[in-house]
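# Structure assessment
The residues making up each chain are set out below.
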Amino acid sequence: MNTVKVGGFADINEVFIGSDHPVSIQTMWKDKLLLRDTSEKKYVVERIEGLSNLGCSILRFSVPDIESADVLGKLCTLTTMPLVADIHFDYKIALHILDFPISKIRINPGNIGSKEKIHTVLQKALDKNVPVRIGVNGGSMPVDLRKAVDDGIKNHTEALIEAAERELAIFDEHNFNQVIVSIKASSVKETIAANTAFAARNDVPLHVGVTEAGPLIAGVVRNTAALYNLLCQGIGNTIRISLSDTMEKEVIAGREILLAVNECCGGVRIISCPRCGRCSFDTHLWTEKWQTYLYSLRKNITVAFMGCPVNGPGEARNADIGITGSDSKVLIFCNGKIKHRLDAALAEKVFKEELDSI
């Protein structure tokens, strides 16, 4: 399998995808990218830095027109995060964005245009040493394959694979091997089936995920079901958890899926009880308040938020640090042993001090 390098020039971080490199996490900017003044630039750059701290390695942007390409091109000079341009319909947008230090472009077989247009894009990407992702999904499948599915000649999974392999053949004609493929469906079974079959026939790095997976709970469940299956087979080199929710939650979900596949992969692990009638400590509040900070830490630790002092230290005895409470008193424990009994007003300060000391 080829190793595809994303970024690594103009002070942009490099991410290696494929072969034995770690599976990387991606997300996609959810809104229109605006950099009209200093405050907008500051907001965008700080949010990208926050995503990076959470574990995001690559960030993709929709580029619907030349104006959007210009704005994204400007952003490439303001952050070290590798940025990806998502191009549909107009190959000239792809050519234009390649004049900037973009780290990767993504095109769809069904709507980017003729083979000649694809060759033109590939030649410029080759000249600029920029990799390309072939993104296949049901919404942008070539017309003839869509008709074959509608007429019952092919099933959806077969059509997705054929769309990817057709495009890959064009890349091969151009000797373009800095390519990543994604085959996504909103169905868990189709996502697993298509990627498994494609991986058996093609030795190309794969970007995996369930597309249009839904709101937070449904989306996390569907992505976990598909990606756990694929990643445990060794299929998938970079992931994006598609959610109708924030980018930050997509990244956190991706981290948790990778941790479920390989519990030795490191990072902060949060455990918390779901709360019940005997609960005397608001685990929901503490988890929501602290999770972003915790996931941004470069520590390999387990943190526990437990609902009551009866079971707290015992159930979370393997945690590096944990907290629970009763009435106005709070217990902070480390490695299953109570270290502090204190007033609730002091809890956050002491908890952070203990956390930072680990």
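Cut-offs applied
- Residues numbered from 1 in each chain as written.
- Predicted model: local features only at pLDDT ≥ 70, side-chain atom pairs only at ≥ 80, totals over all residues.
- Heavy atoms only, no water.
- 1 Å grid on protein atoms, 1.4 Å probe; cavity = no way out; pocket = protein on both sides within 12 Å on 5 of 7 lines; lining within 4 Å.
- Points joined across faces, edges and corners; volume = space filled by probe spheres on them.
- Helix = DSSP H or I, 4+ residues; strand = E, 2+ residues; numbered from the N terminus.
- Nonpolar A, V, L, I, M, F, W, Y, C, P; charged D, E, K, R; others polar.
- Axes fitted to C-alpha atoms, helices over the stretch in contact; angles between N-to-C directions.
- Parallel < 35°, antiparallel > 145°, perpendicular 65-115°, else oblique.
- Left-handed = near helix turned anticlockwise from the far one by under 90°.
- Contact = heavy atoms within 4.5 Å.
- Expected span 1.5 Å × (residues − 1).
- Bend = angle between axes of the 7 residues up to and from the residue.
- Buried < 20%, exposed > 50% of the residue type's maximum accessible area, 1.4 Å probe, protein only.
- Polar contact = N/O pair within 3.5 Å; in protein donor to acceptor, adjacent residues only side chain to side chain.
- Phe/Tyr/Trp six-rings, centres within 6.5 Å; stacked < 30°, edge-to-face > 60°.
- Lys NZ or Arg CZ within 6 Å of the ring centre and 35° of its normal.
- Salt bridge = Lys/Arg side-chain N within 4 Å of Asp/Glu carboxyl O.
- Core = buried A, V, L, I, M, F, W, Y, C linked by side-chain atoms within 4.5 Å.

## Examining the layout of surface pockets
By volume, the largest pocket amounts to about 740 Å³. In terms of lining, the largest pocket is formed by 33 residues, of which the most central are Val23, Ile25, Gly55, Leu258 and Cys265. If you list the elements that add at least two residues to the lining of the largest pocket, you get strand E2 (14-17), strand E3 (24-28), helix H1 (38-54) and helix H9 (247-261). Per element, the largest residue contribution to the lining of the largest pocket is five residues, and it comes from H9. A class-by-class count of the residues in the lining of the largest pocket yields 17 nonpolar, eleven polar and five charged. Every element with two or more residues in the lining of the second largest pocket is listed here: helix H8 (216-232), H9 and helix H10 (283-295). Broken down by element, the residue count for the lining of the second largest pocket peaks at five residues, all from H10. A class-by-class count of the residues in the lining of the second largest pocket yields five nonpolar, three polar and three charged.

## Considerations on the packing of helix H6 (residues 156-173) against helix H7 (residues 188-201)
Contact geometry for H6 and H7: axes closest at 9 Å, N-to-C directions at 40°. On the basis of the axis angle, H6 is oblique to H7. The element H6 and its partner H7 pack so that their crossing is right-handed. Residues His156, Thr157, Ile161, Ala164, Glu165 and Leu168 of H6 touch H7, and the partners they reach there are Glu190, Ala193, Ala194, Ala197, Phe198 and Arg201. Partitioned by chemical class, the residues of the contact of H6 with H7 number seven nonpolar, two polar and three charged.

## As for H10
Taking 1.5 Å per residue, 13 residues should reach 18 Å; H10 reaches 17 Å between its end C-alpha atoms and fits that length. Residue lysine 289 marks the point of greatest curvature in H10, where the axis turns by about 35°. Here H10 has its buried residues at Thr283, Trp286, Thr287, Trp290, Gln291, Leu294 and Tyr295. If you follow the buried residues of H10, they end up packed against H1, H9, strand E11 (269-272), strand E12 (302-305), strand E13 (321-326) and helix H12 (347-357). The N-cap residue of H10 is aspartate 282: its side-chain oxygen and the backbone nitrogen of histidine 284 are 3.3 Å apart.

## Considerations on the packing of aromatic side chains
Within the structure shown, the criterion is met by ten aromatic pairs. Measuring from ring centre to ring centre gives 6.5 Å for tryptophan 29 and tyrosine 43, while their planes differ by 70°; the resulting arrangement is edge-to-face. One end of the pair, tryptophan 29, is in the loop between E3 and H1; the other, tyrosine 43, is in helix H1, with 14 residues separating them in the sequence. A relative accessible area of 8% means that tryptophan 29 is categorised as buried. A centroid spacing of 6.2 Å and a plane angle of 50° characterise the contact between tryptophan 286 and phenylalanine 305, whose relative ring orientation is tilted. Note that tryptophan 286 is positioned in helix H10 and phenylalanine 305 in strand E12, a separation of 19 residues in sequence. Like tryptophan 286, the residue phenylalanine 305 is buried in the burial classification. Within the aromatic cluster, the residues linked to one another by ring pairs are Phe281, Trp286, Trp290, Tyr293, Phe305 and Phe351. Lying across the ring of tryptophan 29, arginine 47 places its NZ or CZ 5.9 Å from the centre.

## Concerning the pattern of salt bridges
Under the defined criterion, the tally for this structure stands at 21 salt bridges. Two residues, lysine 289 and glutamate 348, come together in a salt bridge whose shortest N-O distance is 2.6 Å. Here the residue lysine 289 occupies a position in helix H10, and glutamate 348 occupies one in helix H12, the gap between them amounting to 59 residues. Glutamate 348 gets classed as partly exposed once you look at its relative accessible area, which sits at 33%.

## Remarks on the nonpolar core
Counting residues in each nonpolar core, the largest one holds 96 residues, and the members touching the most others are Leu72, Ile102 and Phe351. Looking at this core, the element that brings in the most residues is H6, giving eight residues. Excluding residues that lie within four positions of it along the chain, phenylalanine 351 makes contacts with Trp286, Trp290, Val303, Phe305, Ile321, Ile323 and Ile332. Core analysis: the next-biggest nonpolar cluster, separate from the first, contains seven residues, Val6, Ile17, Val84 and Ile180 among them.

## Concerning the environment of glutamate 49
Of note, glutamate 49 is situated in helix H1. Its relative accessible area of 45% is what places glutamate 49 among the partly exposed residues. Note: C-alpha distance between glutamate 49 and glutamate 353 (304 residues apart in sequence) is 24 Å.

## Description of the packing of H7 against H8
In the contact formed by H7 and H8, the axes pass within 9 Å of each other and the chain directions differ by 25°. It follows from the interaxial angle that H7 and H8 lie roughly parallel. Relative to H8, H7 is oriented so that their crossing is right-handed. In this structure, H7 uses Val188, Thr191, Ile192, Asn195 and Thr196 to contact H8, whose residues at the interface are Arg222, Ala225, Ala226, Asn229 and Leu230. A per-class count over the contact of H7 with H8 returns five nonpolar, four polar and one charged.

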